[in-house]
Amino acid sequence: MIKLRYSKKLFRRSSSKGSSGGGGSSDGDAGVRGEIEWEVRPGGMLVQKREGRGDVEVITVRVATGFSWHDVSIGATCTFGELKVVLSMVTGLEPREQRLLFRGKEREDCDHLHMVGVRDKDKVLLLEDPALKDLKLRTALAAQAAVQSPYQPFIKV
C-alpha cells in the first residue's frame, strides 16, 4: 500500500478563499457554501453539478463527407445514432448506410458524443457503408441491363 502526501490546501473549497479579508463582498453565497449539488452523467458517473450552463449544451460538429463538409449543431450528450439521423436529413443517406469515424475509430450508434470526447468544432468523418454501396451498385446495374434492350436476339451471328 502506498501512502500519498497531500496538502490540505489542495482540497479547500474555492468559496472559502478570501473570507478572512475585511473587504469581502456579500453576494448571498454564504448559504450555498455548505451544500454541493450532484448529478449523474449518462455513463453512470456521479459528478458535481456544473453551474453557469443551460440544461443542454449544444455543440457544432463538422462532418466531412469526401470533398464536402457539413456543420451540424447537436446536443453534447447525444449519441452517434442521433447524429446519424440528423445527417440523414442533410446528406440523404439512411442511418444504416452511414459509418461515422472519430479519432480514427468507427463509433457505434449507442456511444455518447461527450463520453468519446467530441467537443465543439471537432471533425467527424462520414463514410458510406461499402457493403451497402456495392449492393446498391449491383441492383442499379441489374435494373439497367433489364431495361437496356426490350428485344432479345434469337440468332447470334
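Draft legend 1. Looking closely at the nonpolar core. Membership of the largest hydrophobic core comes to 17 residues, with the highest contact counts inside it found for F80 and L83. Those elements giving two or more residues to this core turn out to be β3 (58–65), β4 (68–75), α1 (80–91), β5 (98–102), α2 (113–116) and β7 (123–128). Setting aside anything within four residues of it in sequence, one finds L83 in contact with V72, I74, L100 and L113.

Draft legend 2. How the structure looks around the sheet that holds β4. Pairing is mixed across the open sheet formed by five strands, whose spatial order is β4-β3-β7-β5-β6. Each edge of the sheet is formed by a strand with only one pairing partner; in this case those strands are β4 and β6 (105–106). Relative to β4, β3 runs antiparallel, the two sharing eight bridges. Of the residues in β4, the one forming a bridge with V61 is V72. On top of the sheet, α1 reaches β3, β4, β5 and β7; it is set at about 120° to β5, its chief contact.

Draft legend 3. Local environment of the pattern of salt bridges. Tallied over the entire structure, the rule returns nine salt bridges. With a closest N to O distance of 3.4 Å, E94 and R96 form a salt bridge. Judged by relative accessible area, R96 falls into the exposed class, the value being 51%. Note that E97 is salt-bridged to K136, the shortest N-O span being 3.7 Å. One end of the pair, E97, is in the loop between α1 and β5; the other, K136, is in helix α3 (residues 130–148), and 39 residues separate them in sequence. Judged by relative accessible area, E97 falls into the buried class, the value being 8%. It is possible to trace a salt-bridge network through shared partners that takes in E97, E128 and K136.

Draft legend 4. Inspection of the pairing of β5 at higher detail. Here β5 shows a clear split, with Q98, L100 and F102 buried on one side and none of R99 and L101 buried on the other. Sheet topology note: the β5/β7 ladder contains four bridges and is antiparallel. Looking at β7, one finds that L100 is bridged to L126. Hairpin remark: β5 followed by β6, antiparallel, with two residues in the connecting loop; positive phi at R103, about 55°.

Draft legend 5. Broad picture of the side chain of D129. Note that D129 resides in the loop between β7 and α3. A relative accessible area of 11% means that D129 is categorised as buried. For D129, the side chain forms a polar contact with the side chain of R99, separated by 3.1 Å. With residues near it in sequence (within four places) discarded, D129 still touches R96, E97 and R99.

Draft legend 6. A look at the pairing of β7. Strand direction decides the pairing type here: β3 and β7, joined by three bridges, are parallel. Residue pairing for β7: A64 is matched across the bridge by L125.

Draft legend 7. The arrangement of α1 in detail. With twelve residues, α1 should reach 16 Å at 1.5 Å per residue; the first-to-last C-alpha distance of 15 Å fits that figure. Among the residues making up α1, those that are buried are F80, G81, L83, K84 and L87. Along the axis of α1, the buried positions cluster into a sector of 145°, meaning they face one direction only. Packing partners of the buried residues in α1 comprise β3, β4, β5, α2 and β7. Immediately downstream of α1, the backbone of G92 shows phi near 90°, a positive value.

Rules and cut-offs
- Residues numbered from 1 in each chain as written.
- Predicted model: local features only at pLDDT ≥ 70, side-chain atom pairs only at ≥ 80, totals over all residues.
- Heavy atoms only, no water.
- Core = buried A, V, L, I, M, F, W, Y, C linked by side-chain atoms within 4.5 Å.
- Buried < 20%, exposed > 50% of the residue type's maximum accessible area, 1.4 Å probe, protein only.
- Helix = DSSP H or I, 4+ residues; strand = E, 2+ residues; numbered from the N terminus.
- Contact = heavy atoms within 4.5 Å.
- Pairing = 2+ DSSP bridges.
- Axes fitted to C-alpha atoms, helices over the stretch in contact; angles between N-to-C directions.
- Salt bridge = Lys/Arg side-chain N within 4 Å of Asp/Glu carboxyl O.
- Polar contact = N/O pair within 3.5 Å; in protein donor to acceptor, adjacent residues only side chain to side chain.
- Expected span 1.5 Å × (residues − 1).
- Arc of directions from axis to C-beta.

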